[in-house]
Amino acid sequence: MIQERSILKVADNSGAKLVRCFRILGGTRHRYARIGDIFIASVQSAEPRKATKKKDIVRCVVVRAKAPFRRADGTYLRFDENAAVIINAKNEPVSTRVFGPMPRELKGRGYEKIITMAEEIV
C-alpha cells in the first residue's frame, strides 16, 4: 500500500529514478494506493540530461507493490519493491520503455500501453 510521503522507484526510462507520493487520486478518503491506482508525486532524484527533472510534479500509476494483492482466482501476488510508471493526462506512459515485471491486472484497469511495453507479465 502506497500512502502519502511513500518513496517509490520509477520503472521506466523517463529520467526520474525516485518519486515521493504526496496525493492519491480517487476521492477525499482515498488513503492508500494499490496496483493500478494513480497518484501525484514529486521527483526526488533524476538522471541528468533527460526529460524529467528533479522537483518536477508528475502523475504516476503503481505497477508493483510490496503489499499482497489478491487476484480474482484467490491467489496473492506480492513484489519485492514499490514501483511506479510516470503517465500523462491521458493515462499513457511518458516514456518509451518500462522495466521489470508487471501484473496483468493493469490491462483490466485501462493501461494496455504499459502492458505492451513490459518485459515480463506476471
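Just above, that's the structure.
The structure presented is a predicted model; accordingly, all values stated were derived computationally and were not measured.

Thresholds applied
- Residues numbered from 1 in each chain as written.
- Predicted model: local features only at pLDDT ≥ 70, side-chain atom pairs only at ≥ 80, totals over all residues.
- Heavy atoms only, no water.
- Helix = DSSP H or I, 4+ residues; strand = E, 2+ residues; numbered from the N terminus.
- Rg over C-alpha atoms; globule rule 2.2 N^0.38 Å.
- Buried < 20%, exposed > 50% of the residue type's maximum accessible area, 1.4 Å probe, protein only.
- Contact = heavy atoms within 4.5 Å.
- Polar contact = N/O pair within 3.5 Å; in protein donor to acceptor, adjacent residues only side chain to side chain.
- Pairing = 2+ DSSP bridges.
- Axes fitted to C-alpha atoms, helices over the stretch in contact; angles between N-to-C directions.
- Core = buried A, V, L, I, M, F, W, Y, C linked by side-chain atoms within 4.5 Å.
- Salt bridge = Lys/Arg side-chain N within 4 Å of Asp/Glu carboxyl O.

Q: Go over the overall build of the protein with me, naming the residues and quoting the values.
A: In terms of helices and strands, the protein carries 2 helices and 9 strands. Start at the N end of the protein and walk to the C end: the helices and strands fall as β-β-β-β-β-β-β-β-α-α-β. For the protein, whose C-alpha radius of gyration is 13 Å, the value lies close to the compact-globule estimate of 14 Å for 122 residues. Once the C-alpha set of the protein is aligned to its principal axes, its extents read approximately 45 × 35 × 25 Å. Taking all 122 residues of the protein together, the buried fraction comes to 42%.

Q: Explain the environment of arginine 64 to me, using residue names and the numbers behind them.
A: Relative to the helices and strands, arginine 64 resides in strand 4 (residues 57-64). Taking relative accessible area as the criterion, arginine 64 reaches 5% and is therefore assigned buried. In the structure, arginine 64 is positioned 29 residues away from isoleucine 35 in sequence and 6.3 Å away in space, judged by C-alpha atoms. Once residues lying within four places of it in the same chain are set aside, the contact partners of arginine 64 are Ala11, Phe79, Glu81, Asn82, Ala83, Phe99, Gly100, Pro101 and Met102. Only 3.1 Å separates the side chain of arginine 64 from the side chain of glutamate 81, close enough to count as a polar contact.

Q: Residues and numbers for the pairing of strand 3 (residues 38-46), please.
A: Alignment of strand 2 (residues 16-24) against strand 3, held across 7 bridges, turns out to be antiparallel. Bridging from a neighbouring strand, cysteine 21 pairs with alanine 41 of strand 3.

Q: Quick one: what's the story with the sheet that holds strand 3, residue by residue and with numbers?
A: Taking strand neighbours around the barrel as the criterion, the 5 strands line up as 1-2-3-4-7 in a closed arrangement whose pairing is mixed. With strand direction ignored, the average angle separating the axes of adjacent strands in the sheet is 55°.

Q: Describe the nonpolar core, naming the residues involved and giving the relevant values.
A: Ranked by size, the top nonpolar core spans 35 residues in total, and within it Val19, Phe39, Met102 and Ile114 carry the most contacts. At the level of elements, strand 1 (7-10), strand 2, strand 3, strand 4, strand 7 (83-87) and helix 2 (112-117) are the ones that each hand at least two residues to this core. Those residues in contact with isoleucine 114, other than ones at most four positions away along the chain, are Val61, Val85, Ile87, Pro93, Val98, Met102 and Leu106.

Q: Would you mind going over unusual backbone geometry in detail, with residue names and values included?
A: Although it is not a glycine, arginine 49 sits at a positive phi angle of roughly 60°. The residue arginine 49 is located in the loop between strand 3 and strand 4 in this model. Backbone geometry places lysine 55, a non-glycine residue, at a positive phi of 75°. In this fold, lysine 55 is placed in the loop between strand 3 and strand 4. Exposure remark for lysine 55: the relative accessible area of 66% places this residue in the exposed category.

Q: Account for the pattern of salt bridges, naming residues and giving values.
A: Tallied over the entire structure, the rule returns 6 salt bridges. The partner of glutamate 4 in a salt bridge is arginine 23, and the shortest N-O contact between them spans 2.8 Å. Here glutamate 4, found in the segment before strand 1, pairs with arginine 23, found in strand 2; they are 19 residues apart in sequence, far enough to count as distant. Here arginine 23 falls in the partly exposed class, since its relative accessible area comes to 45%. Salt-bridge contacts for glutamate 81 lead to lysine 9; the nearest nitrogen and oxygen are separated by 3.7 Å. Within this pair, whereas glutamate 81 is found in the loop between strand 6 (76-77) and strand 7, its partner lysine 9 is found in strand 1, the two being separated by 72 residues in sequence. Owing to a relative accessible area of 26%, glutamate 81 belongs among the partly exposed residues under this scheme. Lysine 9 sits in the partly exposed class, given a relative accessible area of 41%. Beyond isolated ion pairs, a larger network of salt bridges with shared partners links Lys9, Arg64 and Glu81.

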